[in-house]
Amino acid sequence: MPKTKRGRVLWNMPSRGRGTCPICTSTRIKLLYPRTKTDGKAVKVCKRCAGAPQVKIDAVNG
Ligand SMILES: [Zn+2]
């Protein structure tokens, strides 16, 4: 299994895998942890928010 959360693979991703976390609004943080809202929409969150409760995920807009 290749490492998908560190190293050169990030350089091939849009914004190099970084962005603003919709949960904690940290900027330039790595958004590598997909979570799914109750309505089925996928949200990418940072490492800190990967284990966030589902209510936090559902509060994200868009
Ligand atoms: Zn976060």
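The structure under discussion appears in the preceding block.
Residues numbered from 1 in each chain as written. Predicted model: local features only at pLDDT ≥ 70, side-chain atom pairs only at ≥ 80, totals over all residues. Heavy atoms only, no water.

With that settled, consider the coordination of the zinc ion. Coordination of the zinc ion by the protein involves Cys21 (SG), Cys24 (SG), Cys46 (SG) and Cys49 (SG), with metal-donor separations of 2.2 to 2.3 Å. Each of the 4 donor atoms bound to the zinc ion contributes to angles spanning 106 to 113°, and the resulting shape is tetrahedral. Sequence positions of the donors to the zinc ion reduce to the motif C-x2-C-x21-C-x2-C. Of this pair, cysteine 21 sits in the loop between strand E1 (18-19) and strand E2 (29-30) while cysteine 46 sits in the loop between strand E4 (42-45) and helix H1 (54-58), placing them 25 residues apart in sequence. The exposure class of cysteine 21 is buried, given its relative accessible area of 1%. (Donors = N, O, S within 2.8 Å, 3.2 Å for Na, K, Ca; no water. Tetrahedral: all angles 85-135°; square planar, octahedral: opposite > 155°, others 65-115°. Helix = DSSP H or I, 4+ residues; strand = E, 2+ residues; numbered from the N terminus. Buried < 20%, exposed > 50% of the residue type's maximum accessible area, 1.4 Å probe, protein only.)

For arginine 16, which is not glycine, the phi torsion reads 55° and is therefore positive. Structurally, arginine 16 is set in the segment before E1. For arginine 28, which is not glycine, the phi torsion reads 60° and is therefore positive. One can find arginine 28 in the loop between E1 and E2. Exposure remark for arginine 28: the relative accessible area of 59% places this residue in the exposed category.

Further remarks concern the nonpolar core. Counting residues in each nonpolar core, the largest one holds 10 residues, listed as Cys21, Ile23, Leu31, Val43, Val45, Cys46, Cys49, Ala52, Ile57 and Val60. The residues touching valine 60, leaving out its near neighbours within four places in the chain, are Pro22, Ile23, Lys37 and Val43. (Core = buried A, V, L, I, M, F, W, Y, C linked by side-chain atoms within 4.5 Å. Contact = heavy atoms within 4.5 Å.)

We now examine the pairing of E4. Burial along E4 is one-sided: Val43 and Val45 are buried, and none of Ala42 and Lys44, which face the opposite way, are. In the sheet, strand E3 (residues 33-36) pairs with E4 via 4 bridges, with the strands oriented antiparallel. Note on E4: the bridge partner recorded for arginine 35 is valine 43. Turn length for the E3-E4 hairpin, with the two strands adjacent in sequence and antiparallel, is 5 residues, and the turn residue glycine 40 shows positive phi of about 100°. (Pairing = 2+ DSSP bridges.)

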